[in-house]
Amino acid sequence: MAQRYYIETYGCQMNVADAELMGGVLRREGHERVDDPALADVLIVNTCAIREHAEERVLGRIGQLNRHKLERPDVRLGVAGCVAKELGRELLDRATYVDFVIGPDSYRHLPEVLERVEAGQRVVHDRFNRSENYEDLPPFRLERSSAWVTIMRGCDKFCSYCIVPFTRGREKCRAVEAILEEVRRAVDEGAVEVTLLGQNVNSYRDAGRDFPDLLAAVAGIRGLERLRFTTSHPWDFTPRLVAVIAEHGNVMDHVHLPVQSGSDRILAAMRREYTNEWYRERVSMLREAVPECALSTDVIVGFPGETAADFEATVALMEDIRFNSAYVFLYSPRPHTPAKELADRVPRRTAVERLERLNELQRAIGGAYLRRKVGTRQGVLVHGPAPRGVGLLTGWTEQRETVVFPGDPSLIGKIVSVDVTGLAGITLHGTPRRAERTGSGSVLELPVLAG
Ligand code: SAM
Ligand code: SF4
């Protein structure tokens, strides 16, 4: 029986892509997506387990969604994603109203899981499957102009703090041809921008081809205007990859290269496989070849044993490298991870102070960088109406900065040339130029808009 489904997604872009995958599986069965849980027959919470208290947050949210089951007893409630894998059957015990738990390798089985639920069972489908890559299952994309394409699943790095290898399993790479096919299809359906996704895309391998080979092949697809990838692990960030970024105009000048710490001692304890000096060399190599390349990073503060001197090494690295943006996280002890067993915990107050100091430093560095964009002209891929302000659109530049400008909603999904006129917080403001490039690369005349 056709049903209406609602998926609520937390966490990284891999989860966003997985929600589209689940959407594809459900639509093939005739089910229909809705945005409002009050209208849905099947509610799925697609979870993230990266940080502490993730489990409690998931239990809290499913507790709230249970309201819909209480109002309409035929509603079904399921948990997907990393917390589903982490807790498995325990979730059924801790939340008696949960009907099914489905892990990241089991989304193909959603229809049969729902059938078993309809037959009165409570179902857990959460085993790892070494060969599941979902090659044959097209996702149901929520956005036409900007598409996420998963190129690999899982992770083999086992950084000492990270739960991902335990919730998403070992690394599995999709075949080059299947990826090219999916990107071609996305472009045919209107994608202007594609982002290749994996926990560590740089370790991608398929039949003797590596990530630079794949990136170059995808960049060659006709009609693809913007190509991005995330996430890169510094260890596998090679000169060949930098050469591909430099060579292909449609590979965007933006790299997310998580550093995690500036201290060699802490990097070793994190099992990151590189040193501060190695990381700086990768950045120099990238900036030499692609001077305009924007660089973003992730940093963890308060890792066990992080001394004031270790933290100052991170401050120095951030001051020297001057990232365009940085996500700074408080270390969270996570189940299964070796770091959880480490003594010498950093007191929470100290860790929070460090987090605030890095955020403040980054605000100053990022702000200075953004102010330099004022007065420049940027190609902006229009994403949609701006959340605030009538008649305003929002989109992003090649370096992924957000720009707001006046324009007609018919521009959504197109690349518009915008003169940047100001900065508010971390949002650039601008005025569109007369010439506009469409997704197919042709040029249209825009009505002149008051800036
Ligand atoms: N695979 C990517 C990489 O290695 O850079 C990142 C994947 S992870 C989902 C995103 C970020 O979460 C990491 O870069 C790290 O900074 C942060 N993270 C992961 N585990 C964490 C933990 N236990 N505590 C705090 N932050 C964590
Ligand atoms: Fe986690 Fe490290 Fe793998 Fe990234 S590379 S997902 S941080 S284990």
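Along every chain, residues carry numbers that run from 1 in the direction the sequence is written. Working convention: letters from A go to chains and numbers from 1 go to ligands, in the order in which they are written. In keeping with the predicted nature of the model, local features appear solely for residues at pLDDT of at least 70, side-chain atom pairs appear and are counted solely at 80 or more, and the whole-chain, interface and lining totals rest on all residues. Working from all heavy atoms in the structure, the side-chain values ignore hydrogens and water.

Examining the overall build of the protein
Stated formally: A run of H or I in DSSP becomes a helix once it reaches four residues, and a run of E becomes a strand once it reaches two; helices and strands are each numbered from the N terminus. Every radius of gyration here is taken over C-alpha atoms, with the globule rule written as 2.2 Å times N^0.38, N being the number of residues. For every residue, the accessible area (1.4 Å probe, protein chains only) is compared with the maximum for its type, and the residue is labelled buried under 20%, exposed over 50%, or partly exposed between those bounds. Contact between two residues is taken to exist if any of their heavy atoms lie within 4.5 Å; hydrogens are not considered. Using a 1.4 Å probe, the Shrake-Rupley method yields the accessible areas, and only the shown protein chains count as cover for residues. Counted charges follow a simple rule, with Lys and Arg positive, Asp and Glu negative, and His plus the chain ends left uncounted. Lys charges are placed at NZ, Arg charges at CZ, Asp charges at CG and Glu charges at CD.
Each helix and strand in the protein was counted, giving 13 helices and 22 strands. Its C-alpha atoms give the protein a radius of gyration of 23 Å, near enough to 22 Å, the size a compact globule of 451 residues would have. Projecting the C-alpha coordinates of the protein onto the three principal axes gives extents of approximately 60 × 60 × 45 Å. Per-residue burial over the protein gives 56% buried out of 451 residues. Pairs at least 24 apart in sequence give 71% of the contacts found in the protein among residues at least 6 apart. Per element, the accessible surface of the protein, about 19,600 Å² overall, is 51% carbon and sulfur. Within the protein, one finds 60 positive and 64 negative side-chain charges whose respective centroids are separated by 1 Å.

A closer look at the packing of helix 7 (residues 176-188) against helix 8 (residues 211-219)
Worth spelling out the cut-off: Working convention: axes come from line fits to C-alpha atoms, limited for helices to the stretch in contact. Angles between N-to-C directions cover 0 to 180 degrees. When describing relative orientation, an angle under 35 degrees is termed roughly parallel and one over 145 degrees roughly antiparallel, while 65 to 115 degrees is termed roughly perpendicular and anything else oblique. With the far helix as reference, a near helix turned anticlockwise by less than a right angle produces a left-handed crossing, and one turned clockwise produces a right-handed crossing. Each residue receives one of three labels: charged for Asp, Glu, Lys and Arg, nonpolar for Ala, Val, Leu, Ile, Met, Phe, Trp, Tyr, Cys and Pro, and polar for the others, Gly being one of them.
Direction vectors running N to C along helix 7 and helix 8 enclose 30°, while the axes themselves pass 10 Å from each other. One element, helix 7, and the other, helix 8, form an angle in the roughly parallel class. Between helix 7 and helix 8 the crossing geometry is right-handed. From helix 7, Val-176, Ile-179, Leu-180 and Val-183 reach across to helix 8, where they touch Leu-214, Ala-217 and Val-218. A breakdown of the residues in the contact of helix 7 with helix 8 according to their chemical character gives seven nonpolar, no polar and no charged.

Here we look at the packing of aromatic side chains
Defined as follows: Under the pairing criterion, centres of Phe, Tyr and Trp rings, with the six-membered ring standing for Trp, must be within 6.5 Å; the plane angle then separates stacked pairs below 30 degrees from edge-to-face pairs above 60, leaving the rest tilted. We call a charge positioned over a ring when the NZ of a Lys or the CZ of an Arg lies within 6 Å of the ring centre and within 35 degrees of the ring normal.
Enumeration over the complete set of coordinates arrives at eight aromatic pairs. With a centroid separation of 5.5 Å and 80° between ring planes, the pair formed by Phe-158 and Phe-166 is classed as edge-to-face. Assessed through its relative accessible area of 25%, Phe-158 is described here as partly exposed. Using a relative accessible area of 29% as the deciding quantity, one classes Phe-166 as partly exposed. Note on Tyr-279 and Phe-323: the rings are 6.2 Å apart at their centroids and 55° apart in plane angle, and the pair reads as tilted. Of this pair, Tyr-279 sits in helix 11 (residues 276-289) while Phe-323 sits in the loop between helix 12 (308-321) and strand 16 (325-330); the two residues are 44 residues apart in sequence, bridging distant segments of the chain. Among the aromatic side chains, those forming a connected cluster through ring pairs are Tyr-161, Phe-303 and Tyr-331. Its guanidinium or amino end placed over the ring of Phe-140, Arg-27 lies 3.9 Å from that ring's centre, counting from NZ or CZ. Directly above the aromatic system of Trp-278 lies the positively charged group of Arg-282, at a separation of 3.6 Å from the ring centroid.

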